[in-house]
Each structure stands twice: as C-alpha cells, then as structure tokens.
There are 2 protein chains.
Amino acid sequence: MSLPHAILTALLEKPSSGLELTRRFDKSIGYFWSATHQQIYRELGKLEAEGLIRALPAQQPARGQKKSYEVLPTGRAELTRWTAAAQDPKPLRDVMLLRLRASAVVGTEGIEADLRRHLELHERQLAEYEEIEKRDFPPGKDSTEDRLRHLVLRAGIDLETFWTQWLRHALEEFAELP
Amino acid sequence: MSLPHAILTALLEKPSSGLELTRRFDKSIGYFWSATHQQIYRELGKLEAEGLIRALPAQQPARGQKKSYEVLPTGRAELTRWTAAAQDPKPLRDVMLLRLRASAVVGTEGIEADLRRHLELHERQLAEYEEIEKRDFPPGKDSTEDRLRHLVLRAGIDLETFWTQWLRHALEEFAELP
DNA sequence: CCACCTTATGCAACTAGTTGCAAAAGGTGG
DNA sequence: CCACCTTTTGCAACTAGTTGCATAAGGTGG
C-alpha cells in the first residue's frame, strides 16, 4: 500500500497532472518506487474519491485535457501518519539469485552471458546516479530536505555499487569453474 | 513467474511434500524467494497438472496425508530453459526509501525509531547469514555446486551489510539534523 | 481538409502474492 | 473413549501490479 503515498509525496513536491506524474515516476521517485501511467491514473481517481487530493479547478476536465491535482490537508495528514508508522522490511525476492541457485542443480549453461549483461545495466545505472549526485548535491547544498534526499540517492548508489561488485565477483568465480 | 521455478529447484535438490517445502522456504531458498504454504500448494497443483512434477506413488493421496512430489524430465528441462533465458532486473521498490523521501516534505517525526528498528533487524539477518556461511562453507568446500551456492549466500551477506551501513549513516545524519 | 501522429486519459482483463479460514487425519490426556 | 490439539492440505476472496487496448483532442504535412 505505498503507491498512494508515493503519489501524495510527488504531488506535495509539485502539483501535477497524471502524465506529468508519469514522467516524474520515470526518474526521481521512480528510482525506488516505479509505477505505470495506468496505475497512476487509477490511484489518482481513488485518492480524489477519498478526498485526499483534488483537481485544480483551472480548466474543464474533458478527455484529452490536462487535469492537475493538488494534495488536500487530509492527504498531507495521511502521508504524515504513514511516514511515521512502523513497517517491516519486506523479504528479498531476486530472480537472478534464484537462477544461480537453480544453475547449481541444472548447470550453468547460458547464465553467464546474462550476468555480464546485468553487470552492464547496473554499471549504467550507477553512472546515472553519480551524475545526479554531482549535479543536484554539490557541497554546500545541505538544508534538511537536501540531506534527506541525498540520503535516498546514496542508498541507490550504494545498492548499485553492491550489485556491480557482486556481479564481478560472480563472473570471476565462473571463470574458474571447470 | 519465478515461484514455479523456485519450487522445481527445491524439489530437484530433494523431493518433498508441500509442508516440507514450506519449511524449506522459511530458510534457504526463502532467503531470496519467499512463499507462503498456500502459494506452494496452489503451485504444486498447477505443476502437477502441467506434467512437470508428479506425486511419489508411495502412499494414497488422502487429506491430512503426506504427499511428496518429484520433478519429471519435462520439469527439469523447463528449469534449465528458464535459468539460461535472459531476464531484466526488476526496478527497485523500497518502502523505507519512499518514507524517507516523504519525510523531506512532511517532517521526520517518528521515522527515526523505525530506522533504528530496521538496523537491528538487518544486523540480526546479517549475523544469521554469517553463521550459515561458517557452518556450510568452511574452506575446502568448493565443488561447483558449493561455489554457486556460496555465491548466492554472499549476495545475501553483502546486501545486509549494505543495509546496516546505510542505516547507520542515515541515523548519523539524523543526529545532526536541526 | 483530412489522414495520421502525438499527447493525455482511462477501462478491462490478467497475473502474482497475501490473508483468512476450514477440514481431514491422527495422536494425546483426562 | 472422546474432546481437543497438531499436522497437513487446501479453497476463496482480496490486494497490488502488469499488459493490452481504447478514446478524445489537437496539431501537422501532403
């Protein structure tokens, strides 16, 4: 139950239409909570029905017409509540690790190429994050909001670093296999 | 579509009943692909219907009766195919990072305690993995299967290490916040 | 001036995972 | 000897996320 809260956060940062939200979910927020436009439109409808957000009254809400939303006080209150509430971390679920485990039983034929491909993907993602860090968090930018957002980006960078290192290690092991 | 393959892997490692599988999914395989017993029973039914596994014919399959399954050649072939097939890594989706981002907008009240709790949980998990590493992978145990399984465990250890370090860093930042 | 492309919105059906509950079989203690 | 507990299996309903497609408005080039 996090998508509505992701949307509330995004709308508080800046009121937006469905499509604008979709764009912003393709980067930024989407780096740790991805969503398709269908999910977003559906959720916007629900949030409006529940009275947590409302359409900005600027233009008539016809089809093919931009419709922007803003967060209402109830919405902000709900986000505040949710943010502070304890939540258990969800157990890991990773396909590549499962495949590696399977390959111990049915053989490693073919998986190495995909390990290599994943390494490239994670290296690219890491480079992108580091670019963002350089651009958005130069030394001195350290208001409370900046520090918190930087912390989130750091998690992304460290995670991608972990994956690139682990994948390199895995490929080295493969090279040594009989 | 990974649960059936997780089950095939587990059954190849050792033919089991639904309940035994459930137990094994609570550790080992479950560390990177968790599943509830309901999921497992449903999937066993499907896999049997598709002819990828079959019930061991030992005892009559009455209710409240153990029923063990083994993998058929078609099942092994399917697992081999799936393991070698390229698959994209799924985008990250992490609630804590989302909450941190939200807290930049609605305030950090309350979240610090949960960061501390998560740190403890991840420290505990890390200790458990390291225990397993010491027990199951002493120096010298390095057949191909051992190496592959060790690699998977290493990913778990490194991931938990990442989380503990990041959470400690986050808590330090919080201590400095106005 | 209209066929077609892009932008923006949205419905419907499907897949995967979770939650809650129940029922059959066998053992156990009062 | 039977009421109750544990083990093992499973159904049903619900929630979240994905995929495929539809539709309306407005601009664009031949």
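Note that the coordinates shown come from a computational prediction; the quantities given were computed from them, not determined experimentally.

Parameters and conventions
- Residues numbered from 1 in each chain as written.
- Chains lettered and ligands numbered in written order.
- Predicted model: local features only at pLDDT ≥ 70, side-chain atom pairs only at ≥ 80, totals over all residues.
- Heavy atoms only, no water.
- Helix = DSSP H or I, 4+ residues; strand = E, 2+ residues; numbered from the N terminus.
- Rg over C-alpha atoms; globule rule 2.2 N^0.38 Å.
- Contact = heavy atoms within 4.5 Å.
- Areas by Shrake-Rupley, 256 points an atom, 1.4 Å probe, with all protein chains shown as cover.
- Lys, Arg positive; Asp, Glu negative; His and termini not counted.
- Charge placed at Lys NZ, Arg CZ, Asp CG, Glu CD.
- UniProt positions renumbered as here; feature names shortened; annotations may be inferred.
- Pairing = 2+ DSSP bridges.
- Axes fitted to C-alpha atoms, helices over the stretch in contact; angles between N-to-C directions.
- Parallel < 35°, antiparallel > 145°, perpendicular 65-115°, else oblique.
- Left-handed = near helix turned anticlockwise from the far one by under 90°.
- Nonpolar A, V, L, I, M, F, W, Y, C, P; charged D, E, K, R; others polar.
- Buried area = accessible area lost by both parts, 1.4 Å probe.
- Salt bridge = Lys/Arg side-chain N within 4 Å of Asp/Glu carboxyl O.
- Polar contact = N/O pair within 3.5 Å; in protein donor to acceptor, adjacent residues only side chain to side chain.
- Buried < 20%, exposed > 50% of the residue type's maximum accessible area, 1.4 Å probe, protein only.
- Arc of directions from axis to C-beta.
- Least-squares fit on C-alpha atoms with pLDDT ≥ 70 in both.

A.B. asks: What exactly am I supposed to notice about the overall build of chain A here?
C.D. replies: In terms of helices and strands, chain A carries seven helices and three strands. For chain A, the sequential pattern of α-helices and β-strands runs α-β-α-α-β-β-α-α-α-α. In summary, chain A has a C-alpha radius of gyration of 21 Å against a globular reference of 16 Å for 178 residues, an excess of more than 25%. Overall size of chain A, expressed as C-alpha extent along the three principal axes, is 70 × 40 × 35 Å. Across chain A, contacts joining residues at least 24 apart in sequence account for 55% of those joining residues at least 6 apart. Accessible area of chain A: about 9,400 Å², with a carbon and sulfur share of 52%. Within chain A, one finds 26 positive and 28 negative side-chain charges whose respective centroids are separated by 7 Å.

A.B. asks: Just checking my understanding: could you explain the UniProt feature "domain: Transcription regulator PadR C-terminal" (unreviewed entry) in chain A for this structure?
C.D. replies: Residues annotated by UniProt as "domain: Transcription regulator PadR C-terminal" (unreviewed entry) correspond here to residues 92-173 of chain A. Taken end to end, residues 92-173 of chain A comprises 83% helix and 0% strand; its first and last C-alpha atoms sit 23 Å apart.

A.B. asks: Please explain the sheet that holds strand β1 (residues 16-17) of chain A as it appears in this structure.
C.D. replies: Working definition: the strands of a sheet are paired by backbone hydrogen bonds and lie parallel or antiparallel to each other. All names here are of chain A. Across the sheet, three strands lie side by side as β1-β3-β2; this open sheet has antiparallel pairing. In the strand order of this sheet, the two ends are held by β1 and β2 (53-55), each with one partner. Of the pairings in the sheet, the one linking β1 to strand β3 (residues 68-71) comprises two bridges and is antiparallel in character. Pairing of Ser16 across the sheet is with Tyr69, part of β3. Lying over the sheet, helix α1 (residues 3-13) contacts β1, β2 and β3, oriented at roughly 95° with respect to β3.

A.B. asks: Got a minute to help me understand the sheet that holds strand β2 (residues 53-55) of chain B in this structure?
C.D. replies: All names here are of chain B. One open sheet holds the three strands; their spatial order is β1-β3-β2, and the pairing between them is antiparallel. The strands lining the two open edges of the sheet, one partner per strand, are β1 (16-17) and β2. Across the sheet, helix α3 (residues 37-49) is in contact with β2 and β3 (68-71); its angle to β2 comes to roughly 105°.

A.B. asks: What should I look at first to understand the packing of α1(A) against helix α4 (residues 73-84) of chain A in this one?
C.D. replies: In a packed pair of helices, the relevant descriptors are the angle between the two axes and the axis-to-axis distance. All names here are of chain A. Orientation of α1 relative to α4, taken along the N-to-C sense of each, is 120°, at an axis distance of 10 Å. Classed by the angle they form, the pair α1 and α4 counts as oblique. Of the two possible hands of crossing, α1 and α4 adopt the one that is left-handed. Every residue of α4 that contacts α1 at His5, Leu8, Thr9 and Leu12 is listed here: Gly75, Arg76, Glu78, Leu79 and Trp82. Here the residues of the contact of α1 with α4 sort into four nonpolar, three polar and two charged.

A.B. asks: For this particular structure, what's the right way to read the interface of chain B and chain A?
C.D. replies: How big an interface is tends to be stated in terms of accessible area lost as the parts join. On the chain A side, the residues contacting the 68 residues of chain B number 68 residues. Note on chain B versus chain A: buried area summed over both sides is about 6,600 Å², and carbon and sulfur give 68% of it. A per-residue breakdown of the area chain B buries against chain A is headed by B:Phe32, B:Leu98 and B:Arg101, which together make up 12% of the total. Joining chain B to chain A, the criterion identifies eight salt bridges. Note that A:Glu176 and B:Arg147 form a salt bridge whose closest N and O atoms lie 3.4 Å from each other. At the boundary of chain B with chain A, the tally comes to 26 residue pairs in polar contact (both at pLDDT 80 or more).

A.B. asks: Help me understand helix α2 (residues 18-26) of chain A in this model?
C.D. replies: The periodicity of an α-helix, 3.6 residues per turn, causes residues three or four positions apart to be oriented the same way. Residue and element names in this part refer to chain A. If you check which residues of α2 are buried, you get Gly18, Leu21, Thr22, Arg24 and Phe25. Down the axis of α2, the sector holding all buried residues measures 165°, keeping them to one side. For α2, the exposed residues lying more than 90 degrees away from the buried face are Arg23 and Asp26. Its buried side turned inward, α2 meets α1, β1 and α3 (37-49). Just beyond α2, the residue with positive phi is Ser28, at close to 50°.

A.B. asks: Help me out: how do you make sense of the relation of the copies chain B and chain A in this one?
C.D. replies: Mapping between the two copies of the chain is achieved by a rotation about an axis and a shift along the axis. Once turned by 180° and shifted 0.0 Å along the axis, chain B lies on chain A with an RMSD of 0.0 Å. Overall, the copies show the geometry of a two-fold rotation axis.

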